[in-house]
Amino acid sequence: MAAGAGLLGPDGRSAPTIFAEMSALAARTGAINLGQGFPDEDGPAPVLEAARAAIANGANQYPPGRGIPELREAIAEHQQRFYGLQLDPDRDVVVTAGATEAIAAALLALVDGAGDEVVVFEPYYDSYAACVALAGATLVPVPLRWPDFQPDLDALRAAVTDRTRVILVNDPHNPTGTVFDAQVRDEIVALAHRHDAIIVTDEVYEHLIFDGAHVPIATLPGAWERTVSISSGGKTFSTTGWKIGWMSGPAPLVDAALAVKQFLTYVNGGPFQPAIAAGLRLPDTFFTGIADELRAKRDLLGAGLVAAGFAVSEPHGSYFTVADAAPLGAVDAGDFCRALPARAGVVAIPLTAFVTAAHRADYATLVRFAACKRVGVIEEAARRLRVRG
Ligand code: PMP
Ligand code: GLN
């Protein structure tokens, strides 16, 4: 009998992720999919064109294990241009199969197994708990609570101990849309120092932030030498299917993760790598433009959810808005979301899918909606929720 690292469903079969389940539900029912976070429009033409050109020009074999030099240089330039970080593209940067692989490789490399703990902010992206389980470590959740989803600093201090190997941070945060306060970031760095932990940051929504600029933890005093920063081109360039991600940080940490990564995928996405390099070199107006566009969609979605009777937590970044469906009579977010296509022709994701089983009651009626869809689609979803929700 396959053990599946405890990841198999109760029937002993591979259970689909909540995102796959809800996208299949949308496809089956014809409902508007505000569940899985992927855009319904193509990204910037020069990026798409660069991929076509790369295929036409023969970039169709294995790229180097660390990623093509052009992309690693573009990542280093990007970190310098937006955050003032200076990276050696040959030593401090590794290209991965999406942020997902970077997270897996970093955790598998940096965590030793039994006895090691990984502190995460709950609710958390689904792959975090799975990768901590694969690494044989223990997940220690710090709760983020409705409505602002900022962690309580005392709870954070209590969670980080000498057993903590990694503090895994996702900022801007999926599923809540929160952006951590400066105090929280400072405390994470202080605790990592006090307990000799490594910080792994998932920054895939770094350019989808609505008030002010993103602050990578790696830029804080004393943080760089113990931080692995992870991002990906999927969200920024609306190319979630390309799975080009990367990690950056001090060479010893990045090398440890590369040692694992080379046996996960080895490499991926040859012709997409130069295309993402072109994207990272787009002018500033592109990056401010995508944030402005998504902010307007967030406002439209938020207003629609309020008009439909939900209570809404205003997100400060990411694709997502969390709404409380209790005013609409919801008792269980999972039941509510599974019934929503028939009731209102809309698909959303229950927050209970992002928390450990013991904590589901704390998020029982909260639902995540994605705003990364065309304006007309959001308007129609809002109309349906108002009329039929
Ligand atoms: N981290 C977070 C917080 C995400 O929302 C996602 C989903 N795109 C990922 C990682 C995975 O990114 P990628 O598609 O680049 O693997
Ligand atoms: N990141 C996407 C989301 O949160 C889902 C990606 C996936 O399906 N694994 O909706």
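The rules behind the values
- Residues numbered from 1 in each chain as written.
- Chains lettered and ligands numbered in written order.
- Predicted model: local features only at pLDDT ≥ 70, side-chain atom pairs only at ≥ 80, totals over all residues.
- Heavy atoms only, no water.
- Near = heavy atom within 4 Å.
- Polar contact = N/O pair within 3.5 Å; in protein donor to acceptor, adjacent residues only side chain to side chain.
- Areas by Shrake-Rupley, 256 points an atom, 1.4 Å probe, with all protein chains shown as cover.
- Helix = DSSP H or I, 4+ residues; strand = E, 2+ residues; numbered from the N terminus.
- Nonpolar A, V, L, I, M, F, W, Y, C, P; charged D, E, K, R; others polar.
- Pairing = 2+ DSSP bridges.
- Buried < 20%, exposed > 50% of the residue type's maximum accessible area, 1.4 Å probe, protein only.
- Contact = heavy atoms within 4.5 Å.
- Right-handed = clockwise from strand over helix to strand, strands pointing away.

Caption draft 1: Focus on the site of ligand 1. By nearness alone, every residue bordering ligand 1 is listed as Gly98, Ala99, Thr100, Tyr125, Asn170, Asn174, Asp202, Val204, Tyr205, Ser232, Lys235 and Lys243. A distance of 2.7 Å separates an oxygen atom of ligand 1 from a polar atom in the side chain of Tyr205. Alone, ligand 1 offers 390 Å² of accessible surface; in the complex the protein occludes 93% of this. Ranked by residues supplied to the shell around ligand 1, first place goes to helix α4 (residues 98-110) with three residues. For the shell around ligand 1, a count of residues per class yields four nonpolar, five polar and three charged.

Caption draft 2: View of the sheet that holds strand β12 (residues 349-350). Taking strand neighbours across the sheet as the criterion, the four strands line up as β9-β10-β13-β12 in an open arrangement whose pairing is antiparallel. Two strands in the sheet have a free side with no partner beyond their single neighbour: β9 (311-313) and β12. Here three bridges tie β9 to strand β10 (residues 320-324), and the two strands are oriented antiparallel to one another. Counterpart to Ala311 in the pairing with β10 is Asp324.

Caption draft 3: Highlighting the side chain of His78. With respect to the secondary-structure elements, His78 resides in helix α3 (residues 69-83). Overall, His78 belongs to the buried group, its relative accessible area being 2%. Residue contacts for His78: discarding those within four places in its chain leaves Tyr83, Glu206, His207 and Leu280.

Caption draft 4: The site of ligand 2, seen in detail. What surrounds ligand 2 is the set Phe19, Gln36, Gly37, Tyr125, Asn174, Lys235, Phe320 and Arg368. A distance of 2.7 Å separates an oxygen atom of ligand 2 from a polar side-chain atom of Gln36. Expressed as a share of its isolated accessible area of 300 Å², the protein-covered part of ligand 2 is 80%. Partitioning the shell around ligand 2 into residue classes produces three nonpolar, three polar and two charged.

Caption draft 5: Structural view of the pairing of strand β3 (residues 117-122). With six of six residues buried, β3 lies mostly within the body of the structure. Where burial is concerned, the two faces of β3 agree: the one with Glu117, Val119 and Phe121 and the one with Val118, Val120 and Glu122 are both buried. Bridge count for β3 against strand β4 (residues 138-143) is six bridges, and the pairing is parallel. Bridged to Phe121 within β4 is Val142. For the crossover from β3 across helix α5 (residues 126-134) to β4, the handedness is right-handed. By the bridge criterion, four bridges tie β3 to strand β5 (residues 164-170) in an arrangement that is parallel. Opposite Val119, over in β5, you have Ile167 as the bridge partner.

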